[in-house]
Each structure stands twice: as C-alpha cells, then as structure tokens.
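Reading the structure
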Amino acid sequence: MNLLYALLSASAHSMNSISLRVYQTRLQKGTGDLRLYQALYMLLAALAYWILTGFSVQMDTMGWLLALCYGLDLCLTGVTVSACFQCGPMSVTSVISNACVALPIAVGCIFYGETMGLFPILGCVLLAVTFVLPCIGSREGAGKIPAKWYILVVLAFFFNGMGAVLLNIYGRVAATSERNSYLAMGYLTAAILYFAISFF
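Residues numbered from 1 in each chain as written. Predicted model: local features only at pLDDT ≥ 70, side-chain atom pairs only at ≥ 80, totals over all residues. Heavy atoms only, no water.

**Quick word on the confidence of the model for the protein**
Per-residue confidence for the protein gives a mean pLDDT of 80; residues scoring 70 or more make up 74%. Here helix α1 (residues 3-26) is the element of the protein with the lowest mean pLDDT, 60, and helix α8 (residues 179-197) is the one with the highest, 93. (pLDDT = per-residue confidence, 0-100. Helix = DSSP H or I, 4+ residues; strand = E, 2+ residues; numbered from the N terminus.)

Here you go:
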C-alpha cells in the first residue's frame, strides 16, 4: 500500500471533521443546516478534483463502484463524527477517529503482505503523539459519557479508516491517472447523499 495515500486520505477526513466541529459550534442552527454545509463542502472538493482531471472523468465499472462506495463512506464518516461531537468529548473523539490511519496500514500488512520501514513507523508514532497531546490535561468529557457515544466513536473510527482502504483498493485495480476521477465522483456522491438527508 502507498502509505502516503493512506495518510492523505486520513488527513482529508480529519480536516473535514475539524471544519464540521467549527461549523457545529459557531454557525449551526439545525441538523439540516449541518447536512447542507457538508454537501457544499463535498461539492467543492468534487469540483476541485474534477478540475484536476481536465474536466474529463474516465473510469471503468469497478472504478465507478468503488467511487460510489467511497462517497457513501465519506457521508457515513461525517454523520457519525458529528453525532459523536454532539453527545461526547470532542478531544477524545478526535483522537480515536483520527487514529483510523491504523486501519489501512493493518489491512495492507494482513491482506496484501505489505511491510513498513523504519521511517513510516516513526511517522505513525509521531502522528499518534500529535493526536494524543491535545487530550492531555483536558477536562472535556469529565462527566458521564452516554453509552451511544462508544458505539458511534467505533463506527467513526471504522468509516474514517475505510476511506483509505477503499483508495488503496482502487489504486490496485485502476490506473494512477484515474485517481482524480475516482475522488471527484466519490465527493460528488457524498454531496448528493448529504443533500438528500438534509431534509430528514
């Protein structure tokens, strides 16, 4: 597996989570507003990747299927992370959901026989430290955390990591030049799903 793509995918999910929390705490007026905000965020990302493709999307059937799955995963990640923020501590939620980089690495090592060198391992350790440091000494979530938060944060971890896993799978079945098409269609799918659920 290309570790760089795993880290980039996890970072993209993390940036989405950060912007999501900022919107929730400063601008949100209702759940529908939050979903529309996410739809716009995903639509802008899709547009950016579409521009990188040269305004031409070229993928085979498997590529389209994986792109649709990626879009669904993006939507599920946003929904579960926002739900975690609403009922539990933000700092701990961020640490657990952002530790998702471990999932694609584990999948690559177990199913594809990939190995990690010294520098990637050190990078993962440093990345983990940057996630943990904000939680040290934090009083957030000191009270009772509802049981549903534990379920939601496990789902957030899983969906967050699956984005990189899907990207890894796509990289094995498609040409590298089609990666932007995959991401463009994935983000567009997520935008459509967010827009659809904003009415509920």
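**Topic: the packing of aromatic side chains**
Overall, the coordinates contain nine aromatic pairs when judged by the stated rule. Between Trp 149 and Tyr 150, the ring centres sit 5.1 Å apart and the planes meet at 80 degrees, which makes this aromatic pair edge-to-face. Take Trp 149: its relative accessible area is 2%, and that puts it in the buried class. Residue Tyr 150 is classed as partly exposed on the basis of its relative accessible area of 46%. (Phe/Tyr/Trp six-rings, centres within 6.5 Å; stacked < 30°, edge-to-face > 60°. Buried < 20%, exposed > 50% of the residue type's maximum accessible area, 1.4 Å probe, protein only.)

**Details of the packing of helix α3 (residues 61-87) against α8**
Pairs of packed helices are described in terms of their axes, by the angle between the two and the distance that separates them. Where α3 meets α8, the closest approach of the two axes is 7 Å, and the angle between their N-to-C directions is 45 degrees. With respect to α8, the element α3 is oriented oblique. As for the relative orientation of α3 and α8, their crossing is right-handed in sense. In this structure, α3 uses Gly 63, Trp 64, Leu 66, Ala 67, Leu 68, Tyr 70, Gly 71, Leu 72, Leu 74, Cys 75, Gly 78 and Val 79 to contact α8, whose residues at the interface are Tyr 182, Leu 183, Met 185, Gly 186, Tyr 187, Thr 189, Ala 190, Leu 193, Tyr 194 and Ile 197. For the contact of α3 with α8, the per-class residue count stands at 17 nonpolar, five polar and no charged. (Axes fitted to C-alpha atoms, helices over the stretch in contact; angles between N-to-C directions. Parallel < 35°, antiparallel > 145°, perpendicular 65-115°, else oblique. Left-handed = near helix turned anticlockwise from the far one by under 90°. Contact = heavy atoms within 4.5 Å. Nonpolar A, V, L, I, M, F, W, Y, C, P; charged D, E, K, R; others polar.)

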